[in-house]
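Topology and contacts: notes
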Protein chains: 2
Amino acid sequence: MARKASLSGFPEWLPNERLVELHILDTLRRTFELHGFGNVETRAVETVGQLLRKGEIDKEVYGISRLQADEPATGDDPNALALHFDLTVPFARYVVENAGHLSFPFRRYQIQKVWRGERPQEGRFREFTQADIDVVGDGKLPFKYDVELALVIAEALSALPIGDFKLRVNNRKLAEGFYLGLGLADTAGVLRNIDKLEKIGADKVKTLLIDEVGATGEQADAALALAQIRTEDTSFVDQVRALGVEHELLEEGLAELGEVVGMAVRRAPGRVVADLSIARGLDYYTGTVYETVLVGDEKLGSICSGGRYESLATKGSRTFPGVGLSIGVTRLVSRMLGDGSVTASRSVPTAVYVTLANDDAWAEAQDVAAQLRSRGISAEVASSAEKFGKQIKFADKRGIPFVWFTQADGTHEVKDIRSGEQVAADPATWSPAPEDLTPRVGTAAV
Amino acid sequence: MARKASLSGFPEWLPNERLVELHILDTLRRTFELHGFGNVETRAVETVGQLLRKGEIDKEVYGISRLQADEPATGDDPNALALHFDLTVPFARYVVENAGHLSFPFRRYQIQKVWRGERPQEGRFREFTQADIDVVGDGKLPFKYDVELALVIAEALSALPIGDFKLRVNNRKLAEGFYLGLGLADTAGVLRNIDKLEKIGADKVKTLLIDEVGATGEQADAALALAQIRTEDTSFVDQVRALGVEHELLEEGLAELGEVVGMAVRRAPGRVVADLSIARGLDYYTGTVYETVLVGDEKLGSICSGGRYESLATKGSRTFPGVGLSIGVTRLVSRMLGDGSVTASRSVPTAVYVTLANDDAWAEAQDVAAQLRSRGISAEVASSAEKFGKQIKFADKRGIPFVWFTQADGTHEVKDIRSGEQVAADPATWSPAPEDLTPRVGTAAV
């Protein structure tokens with residue numbers, strides 16, 4: 001199904017594949033809007049200074065410059081222009097620039113292409129689409145939004161034909177507080193090594209914690225024990241307490257994570273887990289951290305990640321805290337198309353193909369089509385009066401379910417190409433079955 | 001309304017403005033899909049070689065290159081990457097690459113950002129959105145599609161809140177045939193000078209035709225007379241014949257343009273004019289040429305242009321003729337927002353704001369909201385139980401029409417903020433009036 005991209009890392013879809021992607025995008029948009037998120041679109045271009053503010057991924061950024069006219073963009077010139085590599089940095093700039101025009105807490109979704117000059121590989125692209133939701137406050141942002149965003153995302157992902165998934169949630173305050181309570185002051189160092197757990201295993205991580213972070217064997221064991229905890233309810237709280245560590249920040253983190261998971265147990269059962277092994281992202285998020293895997297396809301990596309920033313953006317003395325998540329749409333769509341698990345029922349929006357008995361009948365056929373369209377039925381008129389068999393084949397090849405015939409006496413008939421059934425029909429009143437109105441997108445016949 | 005872009009030529013909209021743009025995009029998509037056009041999205045990036053194939057606008061192209069890593073993109077390296085400046089060049093490449101997977105004639109719409117490194121000015125941007133429709137054939141493409149596309153575009157533009165417009169149509173065969181019939185072999189030279197008519201006037205164009213193209217006074221007068229012809233019906237045919245010029249190609253052009261305008265008189269009255277002054281585009285299109293102006297705002301320039309290419313693309317000995325049009329969405333939206341002629345009824349999708357009597361009521365409030373959402377009603381829950389007056393103000397500020405209250409006894413009431421009317425309501429059955437369900441976008445109160 002998914003063909004090789006003609007430019008590595010820059011995938012493009014065939015029309016029937018694009019219908020699958022559009023279905024994903026439409027479903028996300030609908031869910032976000034039902035939850036009151038408004039849309040924002042930012043320019044594709046930011047200044048290099050803006051993009052590299054956090055200063056770590058400069059090699060992934062694509063600079064842009066007018067051919068033959070300008071100095072080419074470099075990382076040295078903060079005013080040079082470059083393509084955004086995510087939607088968070090542009091959104092933070094947008095919030096600061098437009099703070100006077102926005103109402104806070106401000107909820108927005110944003111669905112756009114982003115670009116990264118990384119080496120392309122399975123599930124990684126140089127151009128891809130992200131779908132982000134964030135809520136940003138002015139000065140403060142109630143913790144309830146951390147809970148709500150987990151629920152919105154669980155609902156949005158549940159509406160997609162992606163099978164089972166787990167939204168894994170952790171909290172930086174919980175981990176940091178635990179390490180501090182243990183007596184490990186270099187919390188960033190602990191996190192950096194805990195993050196390697198899945199890759200190198202507990203023994204090697206323990207050695208690193210002892211050698212690099214200066215932990216005792218007991219401290220290292222405790223930190224590793226914390227990272228083993230994974231529960232689908234709030235029982236993680238007792239498991240953490242059983243480790244016997246105490247710290248004010250730990251209590252705060254336990255309460256926050258408990259609130260997210262407690263509410264999720266009730267409102268999105270089986271979708272959200274407290275996973276205390278998650279360290280990735282804990283270095284830049286300040287509280288809640290989310291990541292999401294497809295059950296049975298964990299190696300695809302996270303399809304939706306995010307968290308809480310105490311300071312998404314600042315403007316003078318004003319601080320804008322935020323919480324949000326980003327869905328990797330292209331990664332999801334690429335997987336669906338690659339394994340053929342999701343397909344569209346036809347390759348065109350057309351529901352009815354209006355045939356021509358002769359070339360002079362084109363205008364009348366357009367009248368028929370216009371009547372259908374006025375009732376929301378996609379209709380297309382043949383461009384020349386070839387043999388009916390050929391006209392039917394034209395429709396069939398595209399998966400168009402119905403062909404329309406106007407007889408010499410002005411009466412009409414419509415044929416269901418799939419069943420062969422042909423019946424009298426009135427263009428002012430006939431409708432296809434609701435499931436034939438538009439292309440259906442779903443999991444392939446099981 | 002429209003604020004100054006923080007980066008000149010790269011406009012961004014506020015949430016309520018973006019609702020206007022989304023309305024335009026949704027309306028176009030709906031019209032195109034009702035006419036059987038499927039969606040295609042191509043990558044933002046092409047090779048420089050692909051983009052500069054026609055070789056004339058290289059200075060407008062933005063090259064891209066990874067900061068610090070690659071040689072910067074230049075016009076000299078055909079394999080360097082650059083951002084597309086329109087959607088036609090990428091579509092032609094897409095057709096060639098995927099010819100084996102597409103069914104011809106292939107109808108597609110494409111709505112994407114494009115980039116041009118031009119100096120920004122009124123109605124001209126460096127990043128802007130185009131909405132294109134094209135039909136492309138394999139080897140041949142019936143002329144009926146030239147007629148159909150004029151009708152589809154007239155219908156699409158009529159569905160937008162842009163007021164009256166004129167789709168001006170001309171035909172290269174008509175103009176070229178006329179010049180050849182006159183005895184002027186340098187038809188490109190004649191067209192180039194006729195194109196200056198509006199800017200420098202008939203007298204100066206006549207001088208240029210004589211001096212540069214070698215026309216006699218009579219030939220120049222006849223070419224100018226042709227360019228004066230503009231009719232809303234097929235009477236242009238008689239007016240051309242009255243000039244007494246004969247040529248086979250002229251006849252072909254008259255028949256083609258007559259077919260477009262004749263059908264438009266019937267199906268899109270008042271929208272389409274035969275305008276024989278149009279020379280722009282005649283150098284690269286091979287038959288029909290379209291451009292579109294807003295009545296009363298002609299100085300904005302064309303908001304929708306296109307035409308017929310006998311060879312949109314080639315693959316070996318295979319030729320793909322096409323006919324299509326491109327709508328300048330950003331130019332239209334920028335005008336609507338700039339003069340405040342079109343607005344959204346609120347700045348968020350939310351129809352109902354569910355208030356909290358106390359902080360423990362959040363989960364129950366989410367139950368109410370979930371019931372509303374399950375019936376397609378956008379609902380948002382307050383994040384903390386502030387005073388009701390403050391919660392109502394929160395909703396009012398965003399233009400949310402309704403606030404919801406759950407009483408201590410478990411009964412519900414909903415208040416229309418605008419009228420102040422408050423009534424008992426059941427979250428399982430209550431609905432807002434259809435016009436309050438989603439933000440309305442339309443011309444400002446008249």
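Values in this document were obtained by computation on a predicted structure and should not be read as measured data.

Reading guide: rules and limits
Chains are numbered independently. Their residues run from 1 in the order of the written sequence. To read the labels, note that chains go from A and ligands from 1, taken in the order they are written. It should be noted that, the model being predicted, local features are given only for residues of pLDDT at least 70 and side-chain atom pairs only at 80 or more, the latter also being counted only at that level, while totals for whole chains, interfaces and linings use all residues. In computing side-chain properties, one takes all heavy atoms of the structure into account and sets aside hydrogens as well as water. Strands here are runs of E lasting at least two residues and helices are runs of H or I lasting at least four, both read from the DSSP assignment and numbered beginning at the N terminus. Buried means the residue's accessible area, taken with a 1.4 Å probe over protein chains only, is under 20% of the maximum for its type, while exposed means over 50%, and partly exposed covers the values in between. Whether two residues touch is decided by their heavy atoms; if any such pair falls within 4.5 Å, the residues are in contact. Residues scored as charged are limited to Lys and Arg (positive) and Asp and Glu (negative), so that His and the chain ends carry no count. Every charge is mapped onto a representative atom, which is NZ of Lys, CZ of Arg, CG of Asp or CD of Glu. Buried area is understood as the total, over both parts, of accessible area removed when two parts are fitted together, assessed with a 1.4 Å probe. Any Lys or Arg side-chain nitrogen located within 4 Å of an Asp or Glu carboxyl oxygen qualifies as a salt bridge. Identification of polar contacts relies on pairs of N or O atoms within 3.5 Å, with a donor-acceptor requirement for protein atoms, meaning one able to donate a hydrogen and the other able to accept it, and with residues adjacent in sequence counted only if both atoms are side-chain atoms. Residue classes follow a fixed rule: Ala, Val, Leu, Ile, Met, Phe, Trp, Tyr, Cys and Pro count as nonpolar, while Asp, Glu, Lys and Arg count as charged, and any other residue, Gly among them, counts as polar. The criterion for an aromatic pair is that two Phe, Tyr or Trp rings (for Trp, the six-membered ring) have centres within 6.5 Å, with stacked assigned to planes under 30 degrees apart, edge-to-face to planes over 60 apart and tilted to the rest. Each ring is checked for a lysine NZ or an arginine CZ that lies within 6 Å of its centre and within 35 degrees of its normal; such an atom marks a charge sitting over the ring. Residues reaching a pLDDT of at least 70 in both copies supply the C-alpha atoms on which the copies are superposed by least squares. Each domain's extent was defined by an automatic or database domain assignment. Whether two strands pair depends on DSSP finding at least two bridges between them. Here an angle of 0 to 180 degrees is reported between the N-to-C directions of two axes, which are lines fitted to C-alpha atoms, with helices fitted over the stretch in contact. UniProt positions are given in the numbering used here, feature names are shortened, and annotations may be inferred rather than shown by experiment. For this analysis, a nonpolar core means a set of buried residues of the types Ala, Val, Leu, Ile, Met, Phe, Trp, Tyr and Cys, connected via side-chain atoms within 4.5 Å.

Right, let's talk about the overall build of chain A for a bit. Assigned secondary structure in chain A consists of 15 helices and 19 strands. Each of the three principal axes of chain A carries a C-alpha extent, and together these read 95 × 55 × 40 Å. The burial tally for chain A puts 59% of its 446 residues in the buried class. Considering only intrachain contacts with a sequence separation of at least 6, the fraction spanning at least 24 residues in chain A is 68%. The averaged location of the 65 negative side-chain charges in chain A is 2 Å from the averaged location of its 52 positive side-chain charges.

What follows covers the environment of asparagine 79 of chain A. Residue and element names in this part refer to chain A. If you trace the backbone, asparagine 79 turns up in the loop between β3 (62-66) and β4 (81-83). Given the relative accessible area of 61%, asparagine 79 is considered exposed. Residues asparagine 79 and threonine 47 lie 32 residues apart in sequence; the distance between their C-alpha atoms is 5.3 Å.

Each partner contributes to the interface: chain A provides 90 residues, whereas chain B provides 89 residues. Overall, the association of chain A and chain B removes approximately 8000 Å² of surface from exposure, summing both partners, and the carbon and sulfur fraction of that is 54%. On the chain A side of the interface with chain B, the three residues burying the most area are Glu12, Leu67 and Trp362 of chain A, jointly 10% of the side's total. Between the two partners, chain A and chain B, sit 14 salt bridges. In this structure, the salt-bridge partner of aspartate 367 of chain A is arginine 267 of chain B, at a minimum N-O distance of 2.6 Å. Along the contact surface separating chain A from chain B lie 52 residue pairs in polar contact (both at pLDDT 80 or more). Among the elements that make up the side of chain A that touches chain B, the one with the highest residue count is helix α1 (residues 15-34) of chain A (nine residues). Each residue belonging to the side of chain A that touches chain B can be placed in one class, and the counts come to 40 nonpolar, 21 polar and 29 charged.

Taken as a whole and judged by the stated rule, the model has 21 aromatic pairs over all chains. Judged by centre distance (5.3 Å) and plane angle (35°), the rings of phenylalanine 104 of chain A and phenylalanine 320 of chain A are tilted. In this pair, phenylalanine 104 of chain A is assigned in the loop between α3 (88-98) and β5 (106-115) and phenylalanine 320 of chain A in strand β12 (residues 318-328), connecting sequence segments 216 residues apart. For the pair formed by phenylalanine 104 of chain A and phenylalanine 320 of chain A, the shared burial category is buried. One aromatic cluster is present, formed by Tyr284, Tyr285 and Tyr309 of chain A through successive ring pairs. The lysine or arginine in question, arginine 108 of chain B, covers the ring of phenylalanine 91 of chain B, its NZ or CZ lying 3.7 Å from the ring centre.

All names here are of chain B. Within the secondary structure layout, phenylalanine 143 lies in the loop between β6 (127-136) and α4 (144-158). Through-space distance from the C-alpha of phenylalanine 143 to that of alanine 44 is 31 Å; in sequence the pair is 99 residues apart. Leave out the neighbours within four places in its chain, and phenylalanine 143 touches Glu256, Glu259, Val260, Thr288 and Arg308.

Mapping chain A onto chain B calls for a rotation angle of 180° and an axial translation of 0.0 Å; the resulting RMSD is 0.0 Å. Both copies of the chain, as the preceding transformation shows, are related through a two-fold rotation axis. Identified as the residue of chain A closest to the rotation axis by C-alpha distance is isoleucine 64 of chain A, at 2.2 Å. A high fraction, 99%, of the interface residues of chain A reappear at the interface in chain B, so the copies pair face to face through one surface.

We now examine the domain arrangement of chain A. Residues and elements named next belong to chain A. Domain annotation of chain A identifies domain 1 (15-39 + 91-343), domain 2 (45-83) and domain 3 (352-443). On a C-alpha basis, the centres of domain 1 and domain 3 stand 49 Å from each other. For the pair domain 1 and domain 3, the summed buried area comes to about 470 Å², and 67% of that belongs to carbon and sulfur atoms. For domain 1, the biggest contributors to the area lost against domain 3 are Leu19, His23 and Thr343; these three give 60% of the whole. The interface formed by domain 1 and domain 3 contains zero salt bridges. At the junction of domain 1 and domain 3, the tally comes to one residue pair in polar contact (both at pLDDT 80 or more). When contributions to the side of domain 1 that touches domain 3 are tallied by element, the ones reaching two or more residues are α1 and β13 (342-344). Considering every element that reaches the side of domain 1 that touches domain 3, the biggest residue donor is α1, with three residues. Class assignment for the residues of the side of domain 1 that touches domain 3 results in four nonpolar, three polar and no charged.

Attention now moves to the pairing of strand β17 (residues 412-416) of chain B. All names here are of chain B. Among the five residues of β17, four are classified as buried, and the element is accordingly described as predominantly covered. With five bridges joining them, strand β16 (residues 402-406) and β17 adopt antiparallel strand pairing. Its bridge partner being in β17, threonine 406 is matched across the sheet by histidine 412. Connecting β16 to the antiparallel partner β17 that follows it, the hairpin turn spans five residues, and glycine 410 within it adopts a positive phi of roughly 85°. By the bridge criterion, three bridges tie β17 to strand β18 (residues 422-424) in an arrangement that is antiparallel. Looking across to β18, one finds that glutamate 413 is bridged to alanine 424. What sits between β17 and β18 in their antiparallel hairpin is a turn of five residues, with glycine 420 showing a positive phi close to 85°.

Looking now at the sheet that holds strand β15 (residues 379-381) of chain B. Neighbouring strands of a sheet are bound in pairs by backbone hydrogen bonds; such pairs are parallel or else antiparallel. Residues and elements named next belong to chain B. Sheet architecture is open: five strands sit in the order β15-β14-β16-β17-β18, paired in mixed fashion. In the strand order of this sheet, the two ends are held by β15 and β18, each with one partner. For this sheet, the mean angle separating the axes of adjacent strands, direction not counted, is 25°. Relative to β15, helix α13 (residues 362-374) is tilted by about 175°, and along the sheet it contacts β14 (352-354), β15, β16 and β17.

Another aspect to go through is the UniProt feature "binding site: L-histidine" (unreviewed entry) in chain A. Residue and element names in this part refer to chain A. Within the UniProt annotation, "binding site: L-histidine" (unreviewed entry) is assigned to Asp86, Leu87, Thr88, Arg116, Gln130, Asp134, Arg280, Tyr284 and Tyr285. Residue aspartate 86 is classed as buried on the basis of its relative accessible area, which comes to 14%. Those residues in contact with aspartate 86 that lie beyond four places of it in its chain are Val114, Arg116 and Gln130. Given a relative accessible area of 18%, threonine 88 falls into the buried group. Excluding residues that lie within four positions of it along the chain, threonine 88 makes contacts with Asp132, Tyr309 and Leu312.

Side chains of a nonpolar character, in soluble globular proteins, are inclined to be buried together. Judged by nonpolar contacts, the single largest core of 132 residues is most densely connected at Phe32, Tyr179, Ile194, Phe236 and Ile327 of chain A together with Val352 of chain B. Element by element, the count of residues in this core is highest for helix α4 (residues 144-158) of chain A, at ten residues. Excluding its chain neighbours within four sequence positions, the residues that come into contact with isoleucine 194 of chain A are Tyr179, Val205, Leu209, Ala223, Leu224, Ala227, Ser277 and Ala279 of chain A. In terms of nonpolar packing, the next biggest core, distinct from the first, is built from 131 residues, Ala382 of chain A together with Ile303, Ala313 and Phe320 of chain B among them.

A few words on the sheet that holds strand β8 (residues 230-231) of chain A. All names here are of chain A. In spatial order, the strands read β1-β5-β6-β12-β11-β10-β7-β9-β8; together these nine strands make up an open sheet with mixed pairing. At either margin of the open sheet sits one strand with a lone partner, and together these are β1 (38-39) and β8. As defined by bridge partners, strand β10 (residues 288-294) adjoins strand β11 (residues 304-315) across two bridges and the pair is classed as antiparallel. Along β11, the bridge assignment pairs valine 289 with glycine 307. Taken strand by strand, α4 contacts β5, β6 (127-136), β7 (165-171), β10, β11 and β12, and its axis lies near 20° from that of β12. The strands touched by helix α12 (residues 329-338) within the sheet are β6, β10 and β12, with β12 carrying the most contacts at an inclination of about 10°.

This brings us to the side chain of glutamate 12 of chain A. When you line up the elements, glutamate 12 of chain A lands in the segment before α1. There is a polar contact of 2.8 Å between the side chain of glutamate 12 of chain A and the backbone nitrogen of arginine 43 of chain B.

All names here are of chain A. Under the criterion given, the structure shown has 74 salt bridges over all chains. As a salt-bridge pair, glutamate 97 and arginine 93 come within 3.1 Å of each other at their nearest N and O atoms. On the criterion of helical spacing, the pair formed by glutamate 97 and arginine 93 is a turn pair, its members being four residues apart in helix α3. Given a relative accessible area of 35%, glutamate 97 falls into the partly exposed group. Ionic pairing is found between aspartate 146 and arginine 308, a salt bridge with its closest N-O pair at 2.6 Å. Here aspartate 146, found in helix α4, pairs with arginine 308, found in strand β11; they are 162 residues apart in sequence, far enough to count as distant. Here aspartate 146 matches arginine 308 in class, with each residue buried.

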